[in-house]
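The chain contents come next:
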Amino acid sequence: MGLFDRLRGKKEPDVWEDAAKMAPRFYRDKDDDHPMGMFLLHEDRKTMLPRHPQTMYQVSDEAVFDWRLLLVSNEAGDLLATLDYFEALDLIEPDALATDASFVLTPPYTTADLLDLAARSYSAQ
């Protein structure tokens, strides 16, 4: 969009507008009962992932410090991998469509992209 378009009041498309903002799911660790937060990342949709979920969410007034990103394929109908959340953000950020102080906007990954993300992760399970 050029200068004249902006002067005429035309707006640039908002890249955040149709992005999914997923709520985390919470579980308790079987070994020591600490809470874990998990976000799901599916293929074929832009997703807003919070940079600091530990400051945004808690469980029964208990801080959550263990965060995971689950890579899920709707196409294959399967869980592809579980990653450490903060490591996953570091891997995703270079490909991000946009970032700000609070969120990273993922591109609409394909199943192959999600598998590649898992392959580059040290924490993939």
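Residues numbered from 1 in each chain as written. Predicted model: local features only at pLDDT ≥ 70, side-chain atom pairs only at ≥ 80, totals over all residues. Heavy atoms only, no water.

Undergrad: How do you make sense of helix 4 (residues 111–120) when you look at a structure like this?
TA: Helical periodicity: at 3.6 residues per turn, an α-helix aligns residues three or four positions apart in one direction. Turning to helix 4, its buried residues number three or more, namely T111, L114, L117 and A118. Looking down the long axis of helix 4, one finds its buried residues gathered within 120° of arc, a one-sided arrangement. Exposed side of helix 4, more than 90 degrees from the buried face: A112 and A119 are the residues found there. Packed against the buried residues of helix 4 are strand 3 (35–42), strand 7 (66–73), strand 8 (78–84) and helix 3 (85–92). (Buried < 20%, exposed > 50% of the residue type's maximum accessible area, 1.4 Å probe, protein only. Helix = DSSP H or I, 4+ residues; strand = E, 2+ residues; numbered from the N terminus. Arc of directions from axis to C-beta. Contact = heavy atoms within 4.5 Å.)

Undergrad: Could you clarify how one ought to interpret unusual backbone geometry in this entry?
TA: For residues besides glycine, phi is generally negative; the peptide bonds are generally trans as well. With phi around 65°, D33 is a residue other than glycine that occupies positive phi space. Note that D33 resides in the loop between strand 2 (25–28) and strand 3. The partly exposed category is assigned to D33, whose relative accessible area is 46%. The residue D44 is not glycine, and still its phi comes out positive at about 65°. Tracing the backbone through its elements, the reader meets D44 in the loop between strand 3 and strand 4 (47–50). On the accessibility criterion, D44 (54% relative accessible area) is exposed.

Read these as spatial facts, not as claims about activity.
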